[in-house]
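# Coordinates in review
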Amino acid sequence: MKKTFLFSVVALILASCAHDDGSVSIKLPDGFKDKTLVVSHVTIKNIFEAKKQEDLKIVYDTLTVNNGVATLALDPAGPARYDIIPPAPAMADPDFYAAPDDNLEVVIKNFDPLDFTVTGSELMDDMTEFLAVTRPIQQQYIVKVNENENISEDELKSLMDSYDSAVKKFVADHPESPVVPFAILELSGDDFKVAFDNLTPEARKSMLMPYAELYNDQVVQMQDDRKAEQARKDEVASGTISAPDFSLPDLNGKMVSLSDFRGKWVVLDFWGSWCGWCIKGFPALKEAYKQYGDRIVVIGIDCNESEEEWKAGVKKHDLPWINLYNGNNRALYDDYRIEGFPTKAIINPEGKLVDLTTGEDPSFFTRLKSFVE
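All chains use their own residue numbering, which begins from 1 and follows the written sequence. Per-residue local features are limited, in this predicted model, to residues with pLDDT of at least 70; the limit for side-chain atom pairs, both in listing and counting, is 80 or more; totals at the level of whole chains, interfaces and linings are taken over all residues. Think of the side-chain values as coming from all heavy atoms in the structure, minus any hydrogens and water.

## Thoughts on the pattern of salt bridges
Throughout this description, the term salt bridge denotes a Lys or Arg side-chain nitrogen within 4 Å of a carboxyl oxygen of Asp or Glu. Scanning the model with the defined rule gives 13 salt bridges in all. Residue D173 is joined to K169 by a salt bridge in which the shortest nitrogen-to-oxygen separation is 2.7 Å. Placement of the pair is D173 and K169 together in helix α4 (residues 153–173), with a separation of four residues, close to one helical turn. Working definition: with a 1.4 Å probe on protein chains only, accessible area under 20% of the residue-type maximum means buried, over 50% means exposed, and in between means partly exposed. The exposed category is assigned to K169, whose relative accessible area is 53%. A cluster of three or more residues bridged by salt bridges with shared partners is formed by R81, D83 and D95. Secondary structure is summarised from DSSP: a helix means a run of H or I of at least four residues, a strand means a run of E of at least two, and numbering begins at the N terminus for each.

## Overview of the packing of helix α3 (residues 122–147) against α4
For the pair α3 and α4, the least separation of the axes is 10 Å and the interaxial angle reads 175°. Our classification of the angle between α3 and α4 gives roughly antiparallel. Two secondary-structure elements touch here, α3 through D126, E129, F130, V133, T134, I137, Q138, Q140, Y141, K144 and V145 and α4 through E155, L156, L159, M160, S162, Y163, A166, V167 and F170. Gly counts as polar in this scheme, as do all residues outside two lists: the nonpolar Ala, Val, Leu, Ile, Met, Phe, Trp, Tyr, Cys and Pro, and the charged Asp, Glu, Lys and Arg. Looking at the contact of α3 with α4 residue by residue, the classes come out as 12 nonpolar, four polar and four charged. Angles shown run from 0 to 180 degrees and are taken between the N-to-C directions of axes, each axis being a line fitted to C-alpha atoms and, for helices, limited to the stretch in contact. The cut-offs work like this: below 35 degrees is roughly parallel, past 145 is roughly antiparallel, 65 to 115 is roughly perpendicular, and the gaps in between are oblique. Residue contacts follow a heavy-atom distance rule, with two residues in contact if any of their heavy atoms lie within 4.5 Å.

## Observations concerning the nonpolar core
Membership of the largest hydrophobic core comes to 53 residues, with the highest contact counts inside it found for I26 and F96. Looking at which element gives the most residues to this core, the answer is α4, with six residues. Residues contacting F96, with those up to four places away along its chain left out, are V24, L72, A80, R81, Y82, I84, L104, V106, V118 and M124. With 23 residues, the next largest nonpolar core counts L258, L324, Y333 and I347 among its residues. Buried Ala, Val, Leu, Ile, Met, Phe, Trp, Tyr and Cys residues that are joined via side-chain atoms within 4.5 Å together make up what is termed a nonpolar core.

Structure, rendered in structure tokens:
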């Protein structure tokens, strides 16, 4: 009995010693002349826990190349993203994901333009299949954008729709694949959320799941922000919010208050001479100002620049309405919930805020017309 037990213990020790750590065979392109190859990697754990660059703890390995092949020992610390550094600057680097006990084969046919495959694990086998169906569409999109100045929005949308369809089909055909958490990152926010919520338990075990979880948190925040924005728009449209009053200096230094114009329709235009879209909107606003005459008061409120720049901007663009200077007064931004420039507000004669538009949006003037006329 004792001998049998002893032999069993020795066998276990030998088996443990004989276990090979994971490795990657990297076959380089024909004619590769360098005798060494540099591969960097960072663990997925560090990618998501790092607070600053040095926390990533990027590791660089210099490998010896023999007969066009280099061998990389995988990091036992945990799943990691590996990056093969091309011998000359290129548009993209060959990269892959690996667990410590994986045994992979990387075949690089060309560094620039990049052409490579990675096989040997379920993750990378499926990744190769996923990229085989999506990368051609992606490259076609890039070529059309870079080489065809006359490409229509419909053509671009058709390509993007084809790409989304390819991603969704892969996910539907491989619901348990460890690549699925990576694949759904290519989908737009709402489509991503549906796919994320329907991930199978098997797919959720993927080493790439942290990427999907991080994006999911961002999408949830975006959806919450969108709901809050819609609620804000609904509240503004209800006409129950009193427009926050303010007093700001005009071009002559005289203080002007919003309350001075109670009983009139008022348009506030928050702008800056540094804002291209603000300037693009001036012709349409001038046209409305001319069309409605004394039925509306237009007040331009300059933001985020010096008084000298403001006055020069008013003169350059020949702004005929009341012009006030806000500078960097953040309190007024908060009062009007300004999230971008230009922002235009419509205030009714009772002093209620009835419309708030962020960005240069032609529909603003349609709404203005519906109020004033």
